[in-house]
Amino acid sequence: MTMNNTHRPRRAGIGSLILLAIVACGSGSTGTLEVQLSGEEASQVGFPVGEGEGLIAFTDGWRIAFDRVLVSVSEIHVRASDGDDALVMADPVVVDLHLGEPIAWRFENVPSRRWDRVSYQFAPATSASRGVGDISADDVQAMAAGGHSFWIEGTATRGEESVAFSWQFDASIENTGCINGMDETDGLVVRESGVSGVQLTVHFDHLFFDSYAHDDPQLRFDPIAAVAGDDGVVTLEELASQSIVDMRDAEGAPILIDGAPLTYDPGDLDIPTTDLRAYMIGALSTTGHFNGEGHCDYELR
Amino acid sequence: MTRPIQLPVLCVRSAVPAHRSAVLSSRIAVLFALALPFLPTPGCGAGTGAPIVDASFAIGGSDAARSFATSAGWQVELTEARIVLGPIYALAPRDEVPMALRLWPTSVARAHGGFDALDGRIVRMEVLDQFLVDALAPEPQIIATLAEEGRATELSVGILPPVDRHVEATRGFDVWVEGTARQGETEVPFSGGLDLGDDPMARRVQNIDLDASLAEGGTLQLLVDARVWLDGVDFDRVDGEFALDGQAHAALRVGARRPTAFSATYQAP
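Residues numbered from 1 in each chain as written. Chains lettered and ligands numbered in written order. Predicted model: local features only at pLDDT ≥ 70, side-chain atom pairs only at ≥ 80, totals over all residues.

Describe the overall build of chain B, with residues and values.
Along its length, chain B carries 6 helices and 14 strands. Per-residue burial over chain B gives 48% buried out of 269 residues. Of all intrachain contacts in chain B linking residues separated by at least 6 positions in sequence, the fraction that spans at least 24 positions is 83%. (Helix = DSSP H or I, 4+ residues; strand = E, 2+ residues; numbered from the N terminus. Buried ≥ 20, exposed ≤ 12 C-beta atoms within 10 Å, placed from the backbone. Contact = placed C-beta atoms within 7 Å.)

Spelled out as structure tokens, the structure:
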């Protein structure tokens, strides 16, 4: 960007401006947009999942199987930074991502173009929420009755140890400015006269990260298992008794890693207190993605 | 006074993290490179066209941190609490997109553990100085600076290793505390330093709430709250100076980097 400046702008600029025009302006044609919901393989088979470099596993040896991975998505917006709005009319839905990856919405006659401002929201289910996929009617009703946005339930095992968990979250989370995980561009493109598919992807491994201060966190369950009550089921309320800066085992002794006390680092997570429940709610706010690995700006409300 | 100039040079705001650049479509990269000469540099003044105005920046502590109780019931008396800060950025709302990014669907780093901290966002004010902040001193340091007019909703603050002139005050650490904690009959004199190491992400604190419309003559004030630094420390396990592999040091590391350890306010002219 120094010497080349004297030569490149004119030639490259003309081509670029033409391309910009193609990208930015619609042609009047329309297409169909399908939106799938997914918790990836992990929400179906649990952890560990994957293999080789893609292996996602607990560093402390626990395995997790989910029984329910209920998620309430209240809205999706497909817009463009030039002010255009696809005006997709998405009704609120509830899905059990343990049971599959259903199509939540199919929008017809969406103008064909790049929509670079895609956003969606997790929010508490209501009586207006529609179940999609194989979710039971009872689960949809339970989500609405409790005003939950997530209901995550399962069992963790390690050798002879077994600890169940049942977490109901009421958080509303806005995911905005989503980047397409398929090609790293902003938003999505609706193709002319065809079906364009996108996926709202939820990464549940984030709930178990021990740090948000760097990009190589470990998954841990020991601090969670340590606060299980007599019923053997860990609730969110019980997680509040575990301090992320003073992790204790079930006997009340500090959890040590290589002789040093285990602490979780919330990094940029905006958490009101330093207990594990607040940390996990903060972590939940980071789970929403777009088309696999694409990131969004997230805001917990 | 309105000045027809760009903000000071602020570059590499929209840097694509290494692991993401690896998957960046080569076609997009080429197209972006072709278009780059015509695009305002994201983050380099953000290219919003808003006027640049004179402003002030104030930074300090609070004597409320001299004596306080922790969540665990320890009564702490602090005699020293210092932190080395900088640079400081006041960020525009997330939905304000730099002009270059409005024109081109290129990739932008987003908030996520370990990712680029500024997220390609518009910077409305930046202060690049290194400040030694006495968190127990209520009188703030005030400097003149420039700002871009407009809304700012978040502050991003860096925690730095001290330059030579600040080394003595912090014993060479990024953060230094000294005092006494009491609970019942137990009295624990303590001191401790925090070194955040080489990870630039660990040195950046984001999500510090701000509600400001920056304008000519206004003052942006940042206060640090040392009470938050020590709230998670289990003083039962402290014996004098915080051990680098001990609970107190880990708690200080988390506490000093919590957004609630900072508060940002804006005083309009």
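I'd like to hear about the overall build of chain A, residue by residue, with values.
The number of helices and strands found in chain A is 6 helices and 18 strands. Viewed in the frame of its principal axes, chain A has a C-alpha envelope of about 70 × 55 × 35 Å. Out of the 301 residues belonging to chain A, those deemed buried represent 45%. Taking the intrachain contacts of chain A between residues at least 6 apart in sequence as the baseline, contacts between residues at least 24 apart amount to 71%.

Break down the nonpolar core for me, citing the residues and quoting the values.
Formed by 139 residues in total, the largest nonpolar core has its most connected members in Val 71 of chain A together with Ala 226 and Leu 252 of chain B. Looking at this core element by element, the count peaks at 10 residues for strand β4 (residues 75-91) of chain B. Among residues more than four places away in sequence, those in contact with Ala 226 of chain B are Gly 61, Ala 65, Leu 78, Ala 81, Ala 135, Leu 136 and Val 177 of chain B. (Core = buried A, V, L, I, M, F, W, Y, C linked by C-beta atoms within 7 Å.)

Help me get a handle on the environment of Pro 93 of chain B, residues and values and all.
All names here are of chain B. Residue position: Pro 93 is located in the loop between β4 and α3 (99-103). Along the primary structure Pro 93 and Glu 149 are separated by 56 residues, whereas in three dimensions their C-alpha atoms are 13 Å apart. Among residues more than four places away in sequence, those in contact with Pro 93 are Arg 151 and Thr 153.

Tell me about the pairing of strand β8 (residues 150-158) of chain A, and please be specific about residues and values.
Residue and element names in this part refer to chain A. Across 8 bridges, strand β2 (residues 63-79) lies against β8 in antiparallel orientation. If you follow Arg 63 over to β8, its bridge partner there is Thr 157. Examined bridge by bridge, β8 and strand β9 (residues 161-169) share 9 bridges and lie antiparallel to one another. If you follow Gly 154 over to β9, its bridge partner there is Phe 165. Hairpin connection from β8 to β9: 2 residues lie between these consecutive antiparallel strands, with Gly 159 at a positive phi of about 60°. (Pairing = 2+ DSSP bridges.)

I'd love a proper account of the sheet that holds strand β1 (residues 30-38) of chain A, names of residues and values included.
All names here are of chain A. Pairing is mixed across the open sheet formed by 5 strands, whose spatial order is β4-β1-β12-β16-β17. For this open sheet the edge positions go to β4 (103-111) and β17 (294-295), each flanked by a neighbour on one side alone. One ladder, built from 3 bridges, connects strand β12 (residues 195-202) with strand β16 (residues 288-290); its direction is antiparallel. Opposite Leu 200, over in β16, you have Phe 290 as the bridge partner.

Outline helix α6 (residues 276-284) of chain A, listing residues and values.
Across the 9 residues that make up α6 of chain A, a large majority, 8, are buried. Buried within α6 of chain A we find Leu 276, Arg 277, Tyr 279, Met 280, Ile 281, Gly 282, Ala 283 and Leu 284 of chain A.

Describe in detail the confidence of the model for chain A, supporting the description with residues and values.
For chain A, the mean per-residue pLDDT works out to 90, and 91% of the residues sit at or above 70. Segment residues 1-26 of chain A is flagged for pLDDT under 50; beyond a separation of four residues in sequence, or across chains, it makes 22 contacts in the model. (pLDDT = per-residue confidence, 0-100.)

Go over the confidence of the model for chain B with me, naming the residues and quoting the values.
All names here are of chain B. Per-residue pLDDT for chain B has a mean of 80; in total, 74% of the residues score no lower than 70. Counted against residues more than four places away or in other chains, residues 1-46, with its pLDDT under 50, gives 91 contacts. Across the predicted assembly, pTM comes out at 0.79 and ipTM at 0.75.

Go over unusual backbone geometry, please, and point to the residues and values.
All names here are of chain A. Each neighbour pair has its own omega, and for Phe 47 with Pro 48 the value is 10°, a cis peptide bond. Note on placement: Pro 48 falls in the loop between α2 (40-45) and β2. We note that Glu 40 has phi near 60°; this positive angle belongs to a residue other than glycine. Considering the arrangement of structural elements, one finds Glu 40 in helix α2.

I'd like to hear about helix α6 (residues 247-256) of chain B, residue by residue, with values.
For α6 of chain B, a buried count of 10 out of 10 residues is recorded, marking the element as mostly surrounded by other parts of the structure. Packed against the buried residues of α6 of chain B are β15 (260-261) of chain A together with β4, β8 (150-159), β9 (175-183), β10 (186-194) and α5 (226-230) of chain B.

Account for the environment of Arg 171 of chain B, naming residues and giving values.
Along the polypeptide, Arg 171 of chain B turns up in the loop between α4 (164-170) and β9. In this structure, Arg 171 of chain B is in contact with Trp 176 and Gly 193 of chain B, ignoring residues within four places of it in sequence.

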